[in-house]
Amino acid sequence: MNFPGSLLVPAAVLLFAGCSGRHMIRDESYRTEVENAFLERKEAAKNRESQLFNVFEENLSLSESEAIKFLFAYMPLNDLADYDGDFFLANARKALLAREHSPWGKSVPDDIFLHYVLPVRVNNENLDSFRIKYYDEITGRLKGIREIDKAALEINHWCHERVTYQPSDIRTSSPVYTILSARGRCGEESTLAVAALRTAGIPARQVYTPRWAHTDDNHAWVEVWINGIWHYLGACEPEPVLDRGWFTEPARRAMLVHSKSFGAWYGNENYIARHKLYTEINNLSNYAPSKKIYVKVTDQQGNPASNATVEYKLYNYAEFYPLASVPADSSGISSFETGFGDLLIWAHRDNNFDFDKISVSETDTIELKLHQGVVNNTVFEYDMMAPVEPAPYESLSGILVEENNRRLENENKIRTTYIDTWIKTADSEDFAREISCDPDSVREILAKSMGNYKAIVSFLRNINADQRITALRLLYEVSEKDLRDVREDVLRDHLENYVVPYQPGISTDMFAEYILNPRIANEMLVPWRSFLQNALPEKIKSAARNNPGIIADYIYNSIKINNEENYYKTPVTPKGVHEIRAADENSRAIYFVALCRCLGIPARIESASSIPQYYANSKWHDVFFSDQIKPPDGKAFLRLTSTDQNPEPEYYTHFTLSQYRSGTYYTLDYAYNKKITDFGEELQLPPGHYMSVTGNRIDGNRVLTRIAFFELLNGEHIAHQVTLRKETSPARIFGKINYDNIIRILNNPAVSKDSLIIKGAVIALMDYDKEPAKHFLNDLFRLKKEFDNWSGYFIFLSRPDLNISSPDTDAVEKLPSRSVLGIDSGKEFPTDAFDVLSYDDLRLPVVIFADKDGNILLRSSGYRIGTGEMILRKIQ
């Protein structure tokens, strides 16, 4: 097929179904609903009317007009605030063009097109012109393919050529910049794949499990609409057929798989909740056995507690995370469809609450009675069970797998060839000497910038020589991901418009981190500094220098809070907040910090509590707006202690702390994997009620959890013991391994049977290029110090018939010191440990630990986080 490539095409070409000129939205009542929603959003965004709605002054076709109105009617607040109408019109035209000219375009129903092809946004990414930039390349790649399912598979191969998995921070980079850096976490890979599929006119959506039950992680993937049925695929991880992926088996154990449907509700899919601008779809029954449970909530008098919030909480990352919050109806009933594992059900209204733990398989209805007050100095211990691990699906034919593996290997080479074009170490050092800057600093920054190095080089080269020391400091302050996708004009704005602090006692480090730094939270970086300096009223600027709290009053009086409409929770940029005069609470906090920083006032969002703060008179001051509930005045002090070692308790891995507010507890956001000894002597916290949660994952089926409630009084100093529950059952022996076979496989004179029987061995078979293996390796890297102190071996095997990739040099250097590599060409490992499965049915990575006698004390097959810690407990 031959897709036209120009952005601006004749209106006649863009009319849906040729030149008929009929409405794209044929249902008159629904068309009226969209029109009314559009007019309402137009009024709400009137402060940006010229930037957004000037597109209607063009000679739009009926299809274009309806498409752009649909986008404006339902897009989240941050899109209305941060992008212009021309951007959305250009993207809508490409969507209409693909629909008109793709072989499958006319078979896609109008409602599916509007909800799953037309929208630019996939989830919480920064938007870009991906659809415009890559339209010709993607449609050209599909030339000659007429079946929509084959086209979807081919596009996933295209994505894999450009991007592979790598974990990163929570901010989601845009598809263009994900390609530029050639890597992304699962949320970024799936965002890219959905954008690519929609570019070709194929309906697609991102689906995800917010938290797994069997391991501390989450995952996102892609569904594509094929002739009336939704099928799935692993983004940037091509399989030979649809409905296959390394996550197939974990998804069959999920407690929730869900997605967001852009726009007003339509269709008959199962949903969690219907909102004004979108619908939360519950996709779980497409993947796993599921069951609807009911919660009946009453007040203290036994009356139905209508509008009580019911949270369905799953243990994960050492907290009880709400998979869904479903309000009780007028009868006090809330319902939720979930998997056959364990949940903590928490209901609250105002300051009253109740909770209980349930096993879904044994529960139809649970009754909760709201009560006043907080349960202090009490402890609850629950064994939380994940859904039962299912038997694996039948393996695909060897021919399909072999052909797909050959393609994957070639695609890896294509990606590697691109990565090899990035700036080399010697070139970075030459550039540093050219601009008279420290070579080590420049080399490090350019290496982290990956494919975005040209923007960083241009920035440093084109500024004045006397600005470069400050410029390097600015580049050190932003995140690694910022270096991979920040634009030169953004860096120049923040470098050339910072204000020297007027307060005495501001250190160089404080200036760099809390004034110069453009990164505040997880918002998109834009050139807001010069804009805000010019837009802020002079009387506010002058008064704020003596009293920064005035800025909060100014914001409260000028910015309308709208939490519901920013439904992807992507922060509105400070510039966008100022222009549209509306924000969710998080974006308002970011806006406050930005205003302070552009006036030379140190400011931040406190990491644990997410409260905005400014620095004055040698201390940090919390900021609360007039519509927020301020916590009690005063300070309390908490010292965390633990007797547990190997592993030492870590935050979000073994324990969390939560603060009570309005009937429920909110997790304090300290750093992931922060060891308990890294918290220092004491935490300074507001007086109030708190909860600690600890968890000890025994395996992929069970977690031993402990919930402790306590109170901190004003001025009080207390110590809180973080206690991990211990497994009391005797160690299970899964089988026995023959070390003679392992020695023969390794054929390595450095490793003898005598050396293996000293302490035993950890043996693993994995594909290093796949996401589950990368998670396992990260487990080992994080515990390298502990493993280096063990005298046993780590043996890593590969299999030629599976085309398993080898570890790269960087990975090998990070492995435990007593690590050896081998090739299992005879399929000898590890059937003794997995006697219920055939060798070819094993899910990678396969990991076992055998003691000095060959007894297999640990086995793991497939995707799981925390295997390294389980190994550490076994080898003690």
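These lines cover the structure that appears in this document, whether it is placed above or below. (Residues numbered from 1 in each chain as written. Predicted model: local features only at pLDDT ≥ 70, side-chain atom pairs only at ≥ 80, totals over all residues. Heavy atoms only, no water.)

Considerations on the packing of helix H6 (residues 85-101) against helix H8 (residues 130-141)
Stage number 1. Contact geometry of H6 with H8 gives a least axis separation of 9 Å together with a crossing angle of 30°. Compared by their axis directions, H6 and H8 come out roughly parallel. Along this stretch, H6 crosses H8, giving a crossing that reads as left-handed. Note on element contacts: H8 touches H6 through Arg131, Ile132 and Tyr135, opposite Ala90, Asn91, Lys94, Ala95, Leu97 and Ala98.
Stage number 2. Along the lines of polarity and charge, the residues of the contact of H6 with H8 split into 6 nonpolar, 1 polar and 2 charged. (Axes fitted to C-alpha atoms, helices over the stretch in contact; angles between N-to-C directions. Helix = DSSP H or I, 4+ residues; strand = E, 2+ residues; numbered from the N terminus. Parallel < 35°, antiparallel > 145°, perpendicular 65-115°, else oblique. Left-handed = near helix turned anticlockwise from the far one by under 90°. Contact = heavy atoms within 4.5 Å. Nonpolar A, V, L, I, M, F, W, Y, C, P; charged D, E, K, R; others polar.)

What about helix H17 (residues 468-477)?
What sets the pattern is the α-helix's 3.6 residues per turn: residues three or four places apart point alike.
Stage number 1. Burial runs high along H17: 7 of the 10 residues are buried.
Stage number 2. Here H17 has its buried residues at Arg468, Thr470, Ala471, Leu472, Leu474, Leu475 and Glu477.
Stage number 3. The inward-facing, buried residues of H17 abut helix H15 (439-449), helix H16 (453-462), helix H18 (480-485), helix H19 (488-496) and helix H20 (508-516). (Buried < 20%, exposed > 50% of the residue type's maximum accessible area, 1.4 Å probe, protein only.)

Observations concerning unusual backbone geometry
Stage number 1. Its identity as a non-glycine residue notwithstanding, tyrosine 317 has a phi of 55°, on the positive side.
Stage number 2. Within the fold, tyrosine 317 resides in the loop between strand S10 (309-316) and strand S11 (319-327).
Stage number 3. By relative accessible area, which is 17% here, tyrosine 317 ends up buried.
Stage number 4. Look at serine 610: it is not a glycine, yet its phi comes out positive at around 65°.
Stage number 5. Residue position: serine 610 is located in the loop between strand S19 (603-605) and strand S20 (612-616).
Stage number 6. With relative accessibility at 46%, the residue serine 610 sits in the partly exposed group.

Describing the sheet that holds strand S12 (residues 333-338)
Stage number 1. Overall, mixed pairing links the 3 strands, which are arranged S12-S9-S15 in an open sheet. Of all strands in the sheet, those with a lone pairing partner are S12 and strand S15 (365-369), marking the two edges. Neighbour-to-neighbour, the strand axes of this sheet turn through a mean angle of 25°, independent of strand direction.
Stage number 2. As paired strands, strand S9 (residues 291-298) and S15 are joined by 5 bridges and run parallel to one another. By the bridge assignment for S15, valine 297 is matched with leucine 368. (Pairing = 2+ DSSP bridges.)

A look at the pairing of strand S5 (residues 229-233)
Stage number 1. For S5, the buried fraction is high: 4 of the 5 residues fall into the buried class.
Stage number 2. Hairpin connection from strand S4 (residues 219-226) to S5: 2 residues lie between these consecutive antiparallel strands, with asparagine 227 at a positive phi of about 50°.

Considerations on the pattern of salt bridges
Between side chains of opposite charge, a pair can form as their charged atoms come close.
Stage number 1. The tally for this structure, following the rule as stated, stands at 60 salt bridges.
Stage number 2. We note a salt bridge from glutamate 137 to arginine 162, for which the minimum N-O separation is 2.4 Å. Remark: arginine 162 occurs in helix H9 (residues 148-162) and glutamate 137 occurs in helix H8; sequence separation between them is 25 residues.
Stage number 3. Here glutamate 137 falls in the partly exposed class, since its relative accessible area comes to 34%.
Stage number 4. One salt bridge connects lysine 852 with aspartate 853, and the closest N-O pair in it is separated by 3.6 Å.
Stage number 5. Residue classification places aspartate 853 among the partly exposed residues on the basis of a relative accessible area of 46%. (Salt bridge = Lys/Arg side-chain N within 4 Å of Asp/Glu carboxyl O.)

A few points about the packing of aromatic side chains
One pair of aromatic rings is described through two measures. These are the centre distance and the angle between the planes.
Stage number 1. Using the criterion set out here, one finds 57 aromatic pairs in the structure.
Stage number 2. Taking 5.9 Å as the distance between ring centres and 55° as the angle between the ring planes, the aromatic pair formed by phenylalanine 655 and phenylalanine 679 counts as tilted. With phenylalanine 655 in strand S23 (residues 655-661) and phenylalanine 679 in the loop between strand S24 (664-667) and strand S25 (683-685), the pair connects residues that are 24 residues apart, well separated along the chain.
Stage number 3. The class of phenylalanine 655 is buried, set by a relative accessible area of 1%.
Stage number 4. Relative accessible area serves as the criterion here: at 8%, phenylalanine 679 is assigned to the buried category.
Stage number 5. The cationic tip of arginine 205 hangs over the ring face of tryptophan 230; the distance from NZ or CZ to the ring centre is 3.9 Å.
Stage number 6. It is arginine 211 that lies over the ring of tyrosine 321; its NZ or CZ is 3.9 Å from the centre. (Phe/Tyr/Trp six-rings, centres within 6.5 Å; stacked < 30°, edge-to-face > 60°. Lys NZ or Arg CZ within 6 Å of the ring centre and 35° of its normal.)

Notes on the side chain of histidine 160
Stage number 1. Relative to the assigned elements, histidine 160 resides in helix H9.
Stage number 2. Residue class for histidine 160 comes out buried when judged on its relative accessible area of 4%.
Stage number 3. Once residues lying within four places of it in the same chain are set aside, the contact partners of histidine 160 are Cys236, Pro238, Leu408, Glu411, Asn412, Arg415 and Asp769.

Considerations on the environment of methionine 691
Stage number 1. The topology assignment puts methionine 691 in strand S26 (residues 688-697).
Stage number 2. When the C-alpha positions of methionine 691 and tyrosine 666 are compared, they lie 9.1 Å apart, and in sequence the two are 25 residues distant.
Stage number 3. Aside from chain neighbours lying at most four places away, what touches methionine 691 is Thr656, Leu657, Ser658, Tyr665, Ile707, Ala708, Phe709 and Phe710.

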